[in-house]
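Below are the chains, spelled out letter by letter.
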Amino acid sequence: VVRTAPGLPGSITGADLSRSGDRLILRTYGGVRVVARASDAPLTALLERSPGTRTCSSPTPPELQGEAIAFEENGQGFVSVSEAQRPVLRRYAAR
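As a starting point, this report considers the structure included with it. As the structure is a computational prediction, the values presented were derived from the model and not from experiment.

Some details on the pattern of salt bridges
Here comes step 1: Per the stated rule, a full pass over the model turns up three salt bridges.
Here comes step 2: The residue Glu73 makes a salt bridge to Arg19 at a minimum N-O spacing of 3.2 Å. On the criterion of sequence distance, the pair formed by Glu73 in the loop between β5 (66-71) and β6 (77-82) and Arg19 in the loop between β1 (12-17) and β2 (23-28) is long-range, its members being 54 residues apart.
Here comes step 3: In this structure Glu73 comes out as exposed when scored by relative accessible area, which is 64%.
Here comes step 4: Taking relative accessible area as the criterion, Arg19 reaches 71% and is therefore assigned exposed.

This is the structure:
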């Protein structure tokens, strides 16, 4: 079990693997990181920050206890939601 991600503050609260398996998105209360791997790199490269991977980080979406994150089906963004009593599903487009 991976509990933290190098360079991201706090424990991992949510993660998702893209449909194609080439990108992993990780969320903590302090940030979001997308790790991409080359087609010839092993899947474990996404967790090891090994050669053949690229990373992209962004601030955490402004959610109280935001813990869930997932790629959109088309892979062109992600969705996030908190543990609130009336949570709002938020969509973020890739740039």
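Overview of the environment of Tyr92
Here comes step 1: One can find Tyr92 in strand β7 (residues 90-93).
Here comes step 2: When its relative accessible area of 24% is taken as the criterion, Tyr92 is described as partly exposed.
Here comes step 3: A C-alpha to C-alpha distance of 8.7 Å links Tyr92 and Gln76, two positions 16 residues apart in sequence.

Quick notes on the rules
All chains use their own residue numbering, which begins from 1 and follows the written sequence. For this predicted model, a pLDDT threshold of at least 70 governs which residues receive local features, and a threshold of 80 or more governs which side-chain atom pairs are given and counted, while totals over whole chains, interfaces and linings are taken from all residues. Note that the side-chain values use all heavy atoms of the structure and ignore hydrogens as well as water. Here, a salt bridge means any Lys or Arg side-chain nitrogen found within 4 Å of an Asp or Glu carboxyl oxygen. Only DSSP runs of H or I with at least four residues qualify as helices, and only runs of E with at least two residues qualify as strands; both kinds are numbered from the N terminus onward. Remark: exposure states derive from per-residue accessible area (1.4 Å probe, protein chains only) relative to the maximum for the residue type, with buried under 20%, exposed over 50%, and partly exposed in between.

Function cannot be inferred from these measures alone, as they are strictly geometric.
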